[in-house]
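# Observations on the three-dimensional arrangement
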Amino acid sequence: MQNTRRDFVKRSTMASAGLVLTPSLETRGMFNIFNEKKLKVALVGCGGRGSGAANQALQADDNIELVAMADAFEDRLTESYNNLYEKYKDTGKFSVKEKNKFVGFDGYKRAIDIADVVILATPPGFRPAHFAYAVENGKHVFMEKPVATDVPGIQKVLKYAREAKDKNLKVVVGLQRRYQENYLAALEEIKKGAVGKLVGGQVYWNSAGVWVRPRKPEYTELEYQMRNWYYFNWLCGDHILEQHIHNIDVANWFLDEFPVSAQGMGGRQVRTGKDHGEIFDHHFVEFTYPSGAVISSQCRHQPGTYNRVAEQFQGTKGFVSTNDAAAAFLYDLEGNEIGKFENSSGHNPYQEEHNRLFKAIRENTKLNNAEYGAKSTLTAIMGRMATYSGEVIKWEDAMQSTLQLVPDDMTWDTPPPVLPKADGFYEIPTPGKTKVL
């Protein structure tokens, strides 16, 4: 396992610019600047995931400091600030002054302006605008998945992915299974032909669901939706996108292609309250790929049901079973185990993402996940389009969609793009009626 992982890191480094192998005096000087500079980090989005990402970033590099924080809500920023301050106050890594704590919709700009590296961890509907601003201003980026909730957002991320590449900016997207040892080792064996050609598979995120944040009397409609963001498509994109993207991305990664079409079904049977916004509680989608492979995708948020978060793939000579919390297994067609790959002690793929990002910045090696992050995000959006509409959704048609869910240039006076009906419930997508393109 260790050899496989070292080989992977070695290949990633060797694939970077040839200057890395034989640096000139000029490039050696450039590397020294990277190596010696104290990197300034800004956190945009101070919820649980953002705070976790900031913690991992601060552990990834010795010469680093958090200098700015931004969030739409002051209470979220304050909670995150207090927790990070207590952990890092004596390390020299926490330098967030009061004037660099930014609250509101436009705070991200001021936080990004004073940083070298930015962590983007707001609800995903805002990710395209934040990523665009970071790249325009020459910042390295860690951004959580998914990277958008609508196709116009995808198009923006793809545009700035190219610009980031042209500017030699480093970008990591929080699809951490791509940094996880058991997945990397299994994929190496697949590439060697251990199970033959992959022809199909199943991917799962079946669980009881996530938090609900009830409405309070003092909330405006916009504040309520922002605080209960998981249940509104313009902010979250539905759980097929926000969570199940991990497993869908593994399918794209292992097959080394993106689907040409999606069709499926879904609905709301259990999670049907007013606080559950407009999203479904179950989806089932078939993704068809250019090679002819078909991936069956299922995700469910229903308490008391069978839980599974995993992937498996069938090949012409065997099959593969992967799971983020356990070993990856390879089997022959008779079901005999032919490979088992475990994570090494202490390995944390969430931490590894940040280790790799700062290593790439220091060594000036190529690292940009933005394109595959955008395309896997689009894959999950296609799945949502298929379940909401009941139609077959083709990749090329989805890419042409102009349906924009997220308003431009939001303020606290901006009306939210969806509103409750007179009874307090929200309009729910209806297959056969709902238009998604």
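Residues numbered from 1 in each chain as written. Predicted model: local features only at pLDDT ≥ 70, side-chain atom pairs only at ≥ 80, totals over all residues. Heavy atoms only, no water.

## Topic: the pairing of strand 13 (residues 328-332)
The criterion, for reference: The classification of residues rests on relative accessible area computed with a 1.4 Å probe and restricted to protein chains. Under 20% of the type maximum is buried, over 50% is exposed, and intermediate values are partly exposed. Numbered from the N terminus, helices here are DSSP runs of H or I no shorter than four residues, and strands are runs of E no shorter than two. Between any two strands, at least two bridges found by DSSP are needed for them to pair.
Of all 5 residues in strand 13, 5 are buried, a share of seventy percent or more. By the bridge criterion, 4 bridges tie strand 12 (residues 318-322) to strand 13 in an arrangement that is antiparallel. Following the sheet pairing, Ser321 is matched in strand 13 by Phe329. Where strand 12 folds back onto strand 13 in an antiparallel hairpin, the turn is made up of 5 residues. As consecutive antiparallel partners, strand 13 and strand 14 (residues 337-341) are separated by 4 residues, and within that stretch Gly335 has a phi angle of approximately 90°, a positive value.

## Topic: the pattern of salt bridges
Basically, it comes down to this: Each salt bridge in this description consists of a side-chain nitrogen of Lys or Arg and a carboxyl oxygen of Asp or Glu lying within 4 Å of one another.
Counted according to the given criterion, the structure contains 18 salt bridges. Ionic pairing is found between Asp324 and Arg177, a salt bridge with its closest N-O pair at 3.5 Å. With Asp324 in the loop between strand 12 and strand 13 and Arg177 in the loop between strand 6 (171-173) and helix 8 (181-191), this residue pair connects regions lying 147 residues apart in the sequence. Here Glu223 and Arg227 are joined by a salt bridge, their closest N and O atoms 2.9 Å apart. Here Glu223 pairs with Arg227, and both are found in helix 9 (residues 221-227), just 4 residues apart, close to one helical turn. As far as the burial class goes, Glu223 and Arg227 line up, both buried. One network of salt bridges, with partners in common, ties together Asp75, Glu223 and Arg227.

## Some thoughts on the UniProt feature "domain: GFO/IDH/MocA-like oxidoreductase" (unreviewed entry) in the protein
So the rule is basically this: UniProt positions are given in the numbering used here, feature names are shortened, and annotations may be inferred rather than shown by experiment.
The positions UniProt marks with the feature "domain: GFO/IDH/MocA-like oxidoreductase" (unreviewed entry) are residues 185-319. As a span, residues 185-319 carries 21% helix and 31% strand, and end to end its C-alpha atoms are 15 Å apart.

## What about the pairing of strand 14?
Here strand 13 runs beside strand 14; their pairing, made up of 4 bridges, is antiparallel. Bridge pairing links Ala328 to Phe341 in strand 14.

## What about the UniProt feature "domain: Gfo/Idh/MocA-like oxidoreductase N-terminal" (unreviewed entry) in the protein?
Mapped onto this structure's residue numbering, the UniProt feature "domain: Gfo/Idh/MocA-like oxidoreductase N-terminal" (unreviewed entry) falls at residues 39-166. Overall, residues 39-166 shows 48% helix and 20% strand. The separation of its end C-alpha atoms is 21 Å.

## Focus: the domain arrangement of the protein
Quick note on the threshold: In this document the domain limits rely on a domain assignment from an automatic tool or a database. The contact definition used throughout considers only heavy atoms, calling two residues in contact when any of these lie within 4.5 Å. Summed over both partners, the accessible area (1.4 Å probe) lost when two parts come together is defined as the buried area. Think of a polar contact as two N or O atoms within 3.5 Å of one another; within protein, one of them needs to be a possible hydrogen donor and the other a possible acceptor, and neighboring residues in sequence only count if both atoms come from side chains.
You can read the domains of the protein as domain 1 (25-177) and domain 2 (181-344 + 368-400). Computed over C-alpha atoms only, the centres of domain 1 and domain 2 are separated by 26 Å. Taken together, the contact between domain 1 and domain 2 spans 33 residues of the former and 38 residues of the latter. Overall, the association of domain 1 and domain 2 removes approximately 2800 Å² of surface from exposure, summing both partners, and the carbon and sulfur fraction of that is 66%. Three residues, Phe73, Leu175 and Arg177, lead the burial of domain 1 against domain 2; their summed loss comes to 29% of the area buried on that side. The tally of links between domain 1 and domain 2 comes to 4 salt bridges. For the pair domain 1 and domain 2, the number of links is 13 residue pairs in polar contact (both at pLDDT 80 or more). No other element matches helix 7 (residues 151-166), which puts 8 residues into the side of domain 1 that touches domain 2.

## Comments concerning the side chain of His140
Looking at where His140 falls in the secondary structure, it is placed in strand 5 (residues 140-143). On the accessibility criterion, His140 (9% relative accessible area) is buried. For His140, the side chain forms a polar contact with the main-chain nitrogen of Lys170, separated by 3.0 Å.

## A closer look at the sheet that holds strand 9 (residues 282-288)
Definition in use: Here an angle of 0 to 180 degrees is reported between the N-to-C directions of two axes, which are lines fitted to C-alpha atoms, with helices fitted over the stretch in contact.
Sheet architecture is open: 9 strands sit in the order 14-13-12-11-7-10-9-8-15, paired in mixed fashion. In the strand order of this sheet, the two ends are held by strand 14 and strand 15 (393-394), each with one partner. The strands touched by helix 11 (residues 245-255) are strand 7 (198-207), strand 9, strand 10 (294-301), strand 11 (308-315) and strand 12; relative to strand 7, the strand with the most contacts, the crossing angle is about 165°. The strands that helix 13 (residues 370-389) touches are strand 8 (261-267), strand 9 and strand 15; relative to strand 8, the one it contacts most, it runs at about 55°.

## Examining the environment of Lys101
Residue placement: Lys101 occurs in strand 3 (residues 101-103). Distance from Lys101 to Glu136, taken between C-alpha atoms, is 22 Å for residues 35 residues apart in sequence. With sequence-adjacent residues up to four places away left out, Lys101 is seen in contact with Met69, Leu77, Tyr81 and Val96.

## Some points on the packing of helix 6 (residues 127-136) against helix 7
Stated precisely, the cut-off is as follows: Working definition: roughly parallel below 35 degrees, roughly antiparallel above 145 degrees, roughly perpendicular at 65 to 115 degrees, and oblique for all remaining angles. By definition, turning the near helix anticlockwise from the far helix through less than a right angle yields a left-handed crossing, and turning it clockwise yields a right-handed one. When residues are grouped by polarity, Ala, Val, Leu, Ile, Met, Phe, Trp, Tyr, Cys and Pro land in nonpolar, Asp, Glu, Lys and Arg in charged, and all others, Gly among them, in polar.
Where helix 6 contacts helix 7, the two axes come as close as 9 Å, and the packing angle between them is 20°. One way to sum up the angle between helix 6 and helix 7 is to call them roughly parallel. As for the relative orientation of helix 6 and helix 7, their crossing is left-handed in sense. Residues Pro128, Ala129, Phe131, Ala132, Val135 and Glu136 of helix 6 pack against Gly153, Lys156, Val157, Tyr160, Ala161, Glu163 and Ala164 of helix 7. For the contact of helix 6 with helix 7, the per-class residue count stands at 9 nonpolar, 1 polar and 3 charged.

## Quick word on the confidence of the model for the protein
Heads up, the condition is: Per-residue confidence from the predictor is reported as pLDDT, which spans 0 to 100.
Chain-level pLDDT for the protein is 93 on average; 92% of the residues reach the 70-or-more range. Here helix 1 (residues 2-14) stands out as the element of the protein with the lowest mean pLDDT, 40, in contrast to strand 6, whose mean of 99 is the highest. Taken together, the stretch residues 1-33 has pLDDT below 50 and engages in 35 contacts with residues farther than four places along the chain or on a different chain.

## Digging into the nonpolar core
Threshold: To define a nonpolar core, start from buried Ala, Val, Leu, Ile, Met, Phe, Trp, Tyr and Cys residues and group those joined through side-chain atoms within 4.5 Å.
If you look at the biggest cluster of nonpolar residues, it comprises 126 residues, and the most contacted ones within it are Met69, Phe131, Met143 and Phe358. Of all the elements, helix 13 adds the most residues to this core, at 10 residues. When we break this core down by domain, the ones giving at least three residues each are domain 1 (25-177) and domain 2 (181-344 + 368-400). Every residue in contact with Phe358, bar those within four places of it in the chain, is listed here: Leu39, Val41, Ala57, Ala60, Asp61, Ile64 and Val117.

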